[in-house]
Amino acid sequence: MKFPESVWVNRYAGLGREFFTELPATGMPDPHWVAQSPDCAALLGWPADWTGQNPEALAVFSGNAALPGMRPLATVYSGHQFGVWAGQLGDGRALMLGEVQTPNGPMELQLKGAGLTPYSRMGDGRAVLRSSIREFLCSEAMDALGIPTTRALCITGSALPVRRETVESAAVVTRVAPSFLRFGHFEHFAHSGQGAALRRLADFFIEHHAPECREADDPYVALLDKVTRQTARLMADWQAVGFMHGVMNTDNMSLLGLTIDYGPFGFMDAFDPGHVCNHSDERGRYAYMRQPNVAFWNLHALAQAMLPLFEGLMPHEEAGERLLATLEVYKTEFPAAMLERLRAKLGLAVAMDGDQALADDWLKLMAAARADFTIAFRLLADFDTNREALRDHFLDREAFDSWADRYAARLAAEGSEGAGRALRMKRTNPAVVLRNHLAEGAIRAAQGGDFSETARLLKVLRSPYDEPLQRSDAALPPEWAQHLEVSCSS
Ligand code: AMP
Ligand code: MG
C-alpha cells in the first residue's frame, strides 16, 4: 500500500469520547524537510522515495494538511511523575493521525509537536528541532540495536520560534508504533473512577495487541503477566547497552514494552552505575542502576490501576493478591534476561555456574576504572588478539589481569574459539551508540540549515555493529562534550 493511498483507520476512536479529543493539527508556517528514515518507511510498506512521490507529504507531516480518512486525535492519560501522582496528563503535543495498514500489521502514526491540545497544560504544544532530532535518531538507533521502540518516520521543521531556555525553532516528528498506549492510560481510568471505560480499554488492548491473553483463565492477569515480562526484558535491553531513559514516569511506560518518549535520554560513556542522564532529575531517581527497580515500581502502579477490573468478580483483597503475585515474575525474568545478555556480551556460548559473578565483577572493574561502556565491551571481543588495547583502559592493571585470567579460564572451559567468538560479540556489542555529542553535532549543523549530518548519522546508527567509516563515531567523547547537559526541556 503506497502513501497516500494507504487505508486510514482509527480503531482507538471507537473506544469512546472519554478516551480522546478529536482536533486538527496546528501546522507550522513555511515548513521544510529535515530528515526521513527509509527503514521506517519500509516498515510501513512505503517506497524509499515516498516524499518525492507525494507533493502533499510535507504539508501532512508538518501538520498543515490532513488526508481523507485521517482522524487526528489527542488521547488522555494520567501518571506518576518522579514517584508522585500527577493526575491527568495526556497528549499535550502529540496527535494520532490514525492507523495505516502495513505489511507488518496496523501501525499508528503520530505527529509530535503539532500544536496545543486540551491536555497541553502549561506547554505550548510544540517540539524544538534539537529534541526532535534526538528522538528521531534514537528511535531508529534503538531499533537497529534490536531493542523494542517506537519508530520515527520523518522530521519537518520551520522557522517558527519556540521558547525554551533560549528561543529555538520548531519541528514535528512523525512517530510510528502498533500502539502508543501507556501504563498511564490504565491509571487514568482507574484513578478517575471510570470503571466501565477501564474495562473497555483493557478489552481493547487484549483484542488488538495481546490476543493470546483471551484464551487464558483470567485474561486481565495474563495481560499483566505479559506486560511484566516484556518490561523486564526491555530493562535488560537498556542496561545491556548502557541506555538511560531519563524520565521513567508511568506515563512514559509503554504497554507494549517499547522504549517511548525520548527526552533527556543518554548512553553511558565512562561507566558510572549511579549516572543520572537527566539534568532535571536532581535526586537521581532515574539513575542507570535504578532503572530496573523503577520499572518494577511502575508495574505496581499499573497493577493497582487494574484492580477495579475485578470488581464484582472477586473480593478486592483476593484480586490484589493475584495481581501482586503476577508481578513476582519480574524478580526472575529481569535477572534471567540480564544474565542472558551479559553472557552474550562476554561471548559465552553456554551457561555455566559462576557466570553471574564473572559478569558482575567485569562490571565492577569497568565502574572502578570508569571505562567507557561501549568501547570496553567492544574491545573485549578482541581479547585473544589484542588484550593490551583493552588493558590500557584500566589503571589498576593488577585488578584487570586477575579478572582477565578468570575470563580466559572460563573461555577455555567451554572450548571457546577466538575468531568465531569475536564475530559473535561484535554482533551484540555495538561499535556506535547515540552518544550526546554525536547527536549534538547533528543538531548544531541542522540549526545552521545543514541536515546532512543528521542523515549521515542515521545511516551509521542503522548499522551499529559495523565499524563506522568515521572513527570518531565510535570514539570517546571529545573534551567539549564533557559539559553537555540534557534536561526535561524539549
Ligand atoms: P514528558 O515527561 O516529556 O513525557 O511529558 C509529560 C507531559 O507533558 C505529557 O503529557 C506531554 O504531552 C506534556 N508536554 C511536554 N511538553 C509539552 C509541550 N511543549 N506542550 C504541551 N505539552 C507538553
Ligand atoms: Mg511523555
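Cut-offs applied
Residues numbered from 1 in each chain as written. Chains lettered and ligands numbered in written order. Predicted model: local features only at pLDDT ≥ 70, side-chain atom pairs only at ≥ 80, totals over all residues. Heavy atoms only, no water. Near = heavy atom within 4 Å. Areas by Shrake-Rupley, 256 points an atom, 1.4 Å probe, with all protein chains shown as cover. 1 Å grid on protein atoms, 1.4 Å probe; cavity = no way out; pocket = protein on both sides within 12 Å on 5 of 7 lines; lining within 4 Å. Sits in = over half its atoms within 2 Å of the grid points. Nonpolar A, V, L, I, M, F, W, Y, C, P; charged D, E, K, R; others polar. Buried < 20%, exposed > 50% of the residue type's maximum accessible area, 1.4 Å probe, protein only. Helix = DSSP H or I, 4+ residues; strand = E, 2+ residues; numbered from the N terminus. Arc of directions from axis to C-beta. Contact = heavy atoms within 4.5 Å. Core = buried A, V, L, I, M, F, W, Y, C linked by side-chain atoms within 4.5 Å. Domains from an automatic or database assignment. Donors = N, O, S within 2.8 Å, 3.2 Å for Na, K, Ca; no water.

Concerning the site of ligand 1
Part 1 of the reasoning: Close to ligand 1 lie 17 residues, the nearest being G90, G92, R121, G125 and N252.
Part 2 of the reasoning: A total of 480 Å² of accessible area belongs to ligand 1 in isolation, and the protein chains cover 81% of it.
Part 3 of the reasoning: When atom positions are compared with the pocket grids, ligand 1 is found to occupy the largest pocket.
Part 4 of the reasoning: For the shell around ligand 1, the class distribution of residues is 2 nonpolar, 7 polar and 8 charged.

Points about helix α17 (residues 452–461)
Part 1 of the reasoning: Buried residues of α17: T454, L457, L458, V460 and L461, and no others. Within α17, the buried residues cover an arc of 165 degrees as seen down the axis, which keeps them to one side.
Part 2 of the reasoning: Looking at the buried residues of α17, the elements they touch are β3 (32–36), α1 (38–44), α4 (129–144) and α16 (436–447).

Describing unusual backbone geometry
Part 1 of the reasoning: Of note in this structure, F82 is not a glycine but carries a positive phi near 50 degrees.
Part 2 of the reasoning: By the secondary structure assignment, F82 is in the loop between β5 (78–81) and β6 (84–88).
Part 3 of the reasoning: Not every positive phi belongs to a glycine, and R370 is a case in point at roughly 50 degrees.
Part 4 of the reasoning: By secondary structure assignment, the location of R370 is in the loop between α11 (355–369) and α12 (373–380).

A look at the nonpolar core
Part 1 of the reasoning: Residues F186, L346, W362, M366, L380, Y407 and L434 are the most contacted members of the largest nonpolar core, which totals 131 residues.
Part 2 of the reasoning: With 13 residues, helix α7 (residues 219–241) is the largest single contributor of residues to this core.
Part 3 of the reasoning: Inspection of this core shows a minimum of three residues originating in each of domain 1 (3–183) and domain 2 (348–426).
Part 4 of the reasoning: When neighbours within four sequence positions are excluded, M366 is seen to be in contact with F271, A371, F373, A376, F377 and F394.
Part 5 of the reasoning: Counting 26 residues, the second largest nonpolar core, distinct from the first, contains C40, A57, V128 and V172.

Looking at the coordination of the magnesium ion (ligand 2)
Part 1 of the reasoning: Around the magnesium ion (ligand 2), the protein supplies N252 (OD1) and D261 (OD) as donor atoms, at distances of 2.0 to 2.1 Å. With respect to burial, N252 and D261 carry one shared label: buried.

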